[in-house]
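Letter by letter, the chains look like this.
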Amino acid sequence: MAKKGPKTVFVCSECGYESPKWMGQCICGAWNTFTEERVADTSASSALSSKNREHRIVKPAPIRDIVSGETERMDTGIGELNRVLGGGLIKGSLTLISGEPGIGKSTILLQAAAGIARKYGRVLYVSGEESGEQIRLRADRIGGLSDDLYLLSETELELILDAVAEFKPVFLIIDSIQTVYSSQLTSAAGSVSQVRACTAEIMRVVKQAGIPAFIVAHVTKSGDLAGPKIVEHLVDTVLNFSGERNHGFRILRSYKNRFGNTSEIGAFEMSSEGLREIADLSASVLEETSRGAEGSVVTAVYEGSRPLLLEVQALVSPSGVGFARRSSIGFDPGRLNMIIAVLEKRTGLKLMSSDVYVNVAGGIRPEGTSIDLAVAAAISSAALGRPMADPRTIVLGEIGLTGELRGISQPERIASEAARMGFTKILMPEKNRIRWSGPENIEIIGAKDLREAVNKVLQH
Ligand code: TYD
Ligand code: MG
C-alpha cells in the first residue's frame, strides 16, 4: 500500500497537469510552467477506487421530463451586469470575475451584493484581501449599505464553507480565490493546486445549496488567470473586467457562459460613487473625439446585441535610426502589421521609415475585423495629412490580403445607431451596399477595395 501524507508534485500553471517530476515542457505544450507543490497523498484511499464505490444503479431520464430551472434569475440591481450574465443571476451558478488589480472587481461586486441584499435577503461577502472596515468605508462611499449585507474576513476554505452552511446566504462572494486556502492541502494559498481544489469545493457547495456565487480572480500582467485554465473550465461563467486604469471606462465581457451568450458587454464608468452604468456607450465614447482631425476615423462594431460607435486614431511620424515602430492600443498588433503591409502594397503608401501608432479611443478593445478599414483609413489620413472629407462619415469593412474589402454582417443596425448619433454617410464594402436594406436617412458609399475606399473618404 502506498504511504500516506504529503507528497511533492509538479503542477503546470497552464493546464493543471500534475507530474511526479519537473518537466521543461508540459503535455499541453507550454514551456516552463511547472511549479513545485506539496499535496496530500490521497492515492491510497482514493474515493474513486472501484472497491470503495457503493453499488448504485443510475438511470437516464427522458429529456422532456427534465424541468429547466433557467427561469429563476435574480436581479443584481445592475442592469449591465444582468445583461452580461444573460438576464440575471442563475441560482446555484458559480461565476468567476477576473481583471487586473484596481480595475473595480470588488467595487462592482459590492454594488451587486448590496442590490441583491436589498431585494432578496442575506448576502455574504467573504474577503481575504480587505478588512471589514475597509469594505465598510467603500460601501459608505458607493451607497452600498444594506441591513442584509454581511462581511467575513477569512481565508480558510473550510471555515468559510462552514459559515456559508450556517448562514445560508442568498448570494455569496469570495474575494479573491487566490487568497483562499484549504487546510487539507499543504501548498500555499494562490498555488495552482489550492486554487483548483478550492474552486472545485466552492462549486460543489454552491450547486448543492443552490446559492449563486461569484469568485474574484486576479490576472497576471499578460492577461492570464493566475492559476490553471482548469478553473475556467470548472465554473459556469467567466467574466472579465477591463479598461484603462486611469481612464474612466470599464468593460465587462463574458468569455464563457453556460446560461447565456458570450457576446454581450456591459459598460461602466468609475466615479467617486462607485461604478456607474453607461447606457449610451456610443455617445460617451464619441464625446471626446477629435472628429475632423487628421488620423481620426469613426467606425462601429457589434458588442453583443448592440452596435457601438468608436473612434480610431492613428499617428504616423518619421522613425529615428533603427527600425520603425508599430504600436497599437485596443487593436491586435498582428492585424496592424498586416494592414500596414496591405496599405503599402495595394495603395502605394510608404510607411517603411515611419512609426505608426494606432489607438482605439476610450480604452475599448473591440473584437472582430470590421474595424480594419477604419484603421487603414486612419493611418492613410495621418500619413498623407488628409483628414476625412466629411467627418460625419462612418467607415466599416474587413480588409483581405489582396486589398479587397470583405462584407460585414448586419450593417443595417449599425446604420440606425450612426444616424441616431448624427452621422450622415457610411462607407462600406460594395458587397454590403448592393444588398442594402437599411434606413434611408443615411447615405451609403460602396467601395470594392482599399484604394477606392481611402480615395472616397479622405479629403483631396
Ligand atoms: P477595486 O474595486 O478595489 O478594484 P479590484 O477589486 O479590481 O482590485 O477598485 C479599485 C479602484 O477603484 C481604486 O483605485 C479606487 C477606485 N474607486 C473609485 O474611483 N471610486 C469608487 O467609488 C471606488 C469604490 C473605487
Ligand atoms: Mg479587490
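Residues numbered from 1 in each chain as written. Chains lettered and ligands numbered in written order. Predicted model: local features only at pLDDT ≥ 70, side-chain atom pairs only at ≥ 80, totals over all residues. Heavy atoms only, no water.

Draft legend 1. Quick peek at the packing of aromatic side chains. Applying the stated criterion to the full structure yields three aromatic pairs. An angle of 65° between the planes, with centres 4.6 Å apart, marks the rings of Y150 and F167 as edge-to-face. Placement of Y150 in strand β8 (residues 149–153) and of F167 in helix α4 (residues 157–167) is noted, with a sequence separation of 17 residues between them. Y150 gets classed as partly exposed once you look at its relative accessible area, which sits at 35%. Here F241 and F268 contribute two aromatic rings whose centre-to-centre distance is 5.9 Å and whose plane-to-plane angle is 80°, an arrangement assigned as edge-to-face. Highlighted residues: F241 in strand β11 (residues 237–242) and F268 in strand β13 (residues 265–271), separated in sequence by 27 residues. (Phe/Tyr/Trp six-rings, centres within 6.5 Å; stacked < 30°, edge-to-face > 60°. Helix = DSSP H or I, 4+ residues; strand = E, 2+ residues; numbered from the N terminus. Buried < 20%, exposed > 50% of the residue type's maximum accessible area, 1.4 Å probe, protein only.)

Draft legend 2. Fine view of helix α10 (residues 411–420). Residues of α10 that are buried: P411, I414, A415, E417 and A418. Down the axis of α10, the buried side of the element spans an arc of 165°, and every buried residue falls inside it. Its buried side turned inward, α10 meets α7 (281–287), β15 (296–303), β16 (306–318), β19 (393–395), β22 (425–429) and α11 (430–434). A positive phi of about 90° marks G422, the residue just after α10. (Arc of directions from axis to C-beta. Contact = heavy atoms within 4.5 Å.)

Draft legend 3. Looking closely at empty space enclosed by the protein. The full count for this structure, using the stated rule, is two cavities of 30 Å³ or more. A volume near 50 Å³ is recorded for the largest cavity. For the largest cavity, the full set of lining residues is R73, L85, G88, L89, I90, S93, T95, T237, N257 and F259. Broken down by class, the residue content of the lining of the largest cavity amounts to four nonpolar, five polar and one charged. Around the second largest cavity, the lining residues are R291, G292, S296, V297, V298, M388, P391 and T393. Looking at the lining of the second largest cavity element by element, the count peaks at three residues for β15. Considering only residue class, the lining of the second largest cavity consists of four nonpolar, three polar and one charged. (1 Å grid on protein atoms, 1.4 Å probe; cavity = no way out; pocket = protein on both sides within 12 Å on 5 of 7 lines; lining within 4 Å. Points joined across faces, edges and corners; volume = space filled by probe spheres on them. Nonpolar A, V, L, I, M, F, W, Y, C, P; charged D, E, K, R; others polar.)

Draft legend 4. Local environment of the packing of helix α9 (residues 372–384) against helix α12 (residues 450–457). Viewed as axis vectors pointing N to C, α9 and α12 meet at an angle of 60°, and their least axial separation amounts to 10 Å. As summarised for this structure, α9 and α12 are arranged oblique, according to the angle between their axes. Here the hand of the crossing between α9 and α12 comes out right-handed. For the pair formed by α9 and α12, the contact residues are L373, A376, A377 and S380 on the first element and L450, A453, V454 and V457 on the second. Taken together, the residues of the contact of α9 with α12 sort by class into seven nonpolar, one polar and no charged. (Axes fitted to C-alpha atoms, helices over the stretch in contact; angles between N-to-C directions. Parallel < 35°, antiparallel > 145°, perpendicular 65-115°, else oblique. Left-handed = near helix turned anticlockwise from the far one by under 90°.)

Draft legend 5. Fine view of the environment of K425. Relative to the elements of secondary structure, K425 occurs in strand β22. According to the relative accessible area criterion, K425 is partly exposed, its value standing at 21%. Through-space distance from the C-alpha of K425 to that of E443 is 4.5 Å; in sequence the pair is 18 residues apart.

Draft legend 6. Quick peek at the domain arrangement of the chain. Along its sequence, the chain is carved into domain 1 (7–42), domain 2 (70–279) and domain 3 (283–457). Here domain 2 and domain 3 have C-alpha centroids that lie 37 Å from each other. Regarding the contact of domain 2 and domain 3, the summed buried area is about 1200 Å², with carbon and sulfur atoms giving 46% of it. When the buried surface of domain 2 facing domain 3 is broken down by residue, E244, F249 and R253 rank first, second and third, together holding 40% of it. For the salt bridge of E367 with R253, the shortest nitrogen-to-oxygen distance reads 3.7 Å. Counting across the interface, domain 2 meets domain 3 through one residue pair in polar contact (both at pLDDT 80 or more). Every element with two or more residues in the side of domain 2 that touches domain 3 is listed here: α1 (79–85), β12 (249–257) and β13. Partitioning the side of domain 2 that touches domain 3 into residue classes produces seven nonpolar, four polar and five charged. (Domains from an automatic or database assignment. Buried area = accessible area lost by both parts, 1.4 Å probe. Salt bridge = Lys/Arg side-chain N within 4 Å of Asp/Glu carboxyl O. Polar contact = N/O pair within 3.5 Å; in protein donor to acceptor, adjacent residues only side chain to side chain.)

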